[in-house]
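Coordinates in review
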Amino acid sequence: MATKAKKKDGEFFTYKNKPLVRSGSVIYYGNMFDKYVIMMMVKSTKKVKDIDTADEIMVQLMLTDPEIKAQDRIVKKSEKKGFYPALDIAEIWLERALKGA
């Protein structure tokens, strides 16, 4: 039997010990206090057994420095088919960027 994950107030869901936060069709992965964060934007969805699932996702590695203009914050970007391939590349990019920071 599957159990539901319970979220305490003030806590975010995490993936590999990094926050995973959704706002509409945008998903942020990483800690906003770190130098880099990932932004994943769901560009299209498809129906799978009556459930809308992410189909095309734009993945962007971004600097979190508010002093830099928004368009200059993007370090890398890619498009992926499906949420899990997008999350895989997001984890790899973020780990490498934070190790080099």
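To keep things clear, this report deals only with the structure shown in the data block. (Residues numbered from 1 in each chain as written. Predicted model: local features only at pLDDT ≥ 70, side-chain atom pairs only at ≥ 80, totals over all residues. Heavy atoms only, no water.)

The next subject is the layout of surface pockets. Approximately 200 Å³ is the volume attributed to the largest pocket. If you trace the largest pocket, you find it lined by R22, G24, S25, I27, V42, T45, D52, T53, A54, F83 and Y84. Among the secondary structure elements, those contributing two or more residues to the lining of the largest pocket are strand 4 (36-48), strand 5 (51-63) and helix 1 (83-100). The greatest single-element share of the lining of the largest pocket, amounting to three residues, is contributed by strand 5. A per-class count over the lining of the largest pocket returns five nonpolar, four polar and two charged. (1 Å grid on protein atoms, 1.4 Å probe; cavity = no way out; pocket = protein on both sides within 12 Å on 5 of 7 lines; lining within 4 Å. Points joined across faces, edges and corners; volume = space filled by probe spheres on them. Helix = DSSP H or I, 4+ residues; strand = E, 2+ residues; numbered from the N terminus. Nonpolar A, V, L, I, M, F, W, Y, C, P; charged D, E, K, R; others polar.)

The sheet contact formed by strand 1 (residues 13-15) and strand 2 (residues 18-23) spans three bridges and is antiparallel. Bridged to F13 within strand 2 is L20. Counted along the chain from strand 1 to the antiparallel partner strand 2, the turn is two residues long, and its residue K16 has a positive phi close to 50 degrees. Note: strand 2 against strand 3 (residues 26-29), four bridges, orientation antiparallel. Along strand 3, the bridge assignment pairs S23 with V26. Taking the residues that link successive antiparallel strands as the turn, the strand 2-strand 3 hairpin has two residues, and the phi of G24 there is positive, at about 65 degrees. (Pairing = 2+ DSSP bridges.)

Okay, the sheet that holds strand 5 next. In spatial order, the strands read 1-2-3-4-5-6; together these six strands make up an open sheet with antiparallel pairing. Whereas interior strands pair on both sides, the edge strands pair on one side only; in this sheet they are strand 1 and strand 6 (74-81). The average undirected angle you get between the axes of adjacent strands in this sheet is 30 degrees. Sheet contacts for helix 1: strand 1, strand 2, strand 3, strand 4, strand 5 and strand 6; angle to strand 4, the most-contacted strand, approximately 175 degrees. (Axes fitted to C-alpha atoms, helices over the stretch in contact; angles between N-to-C directions. Contact = heavy atoms within 4.5 Å.)

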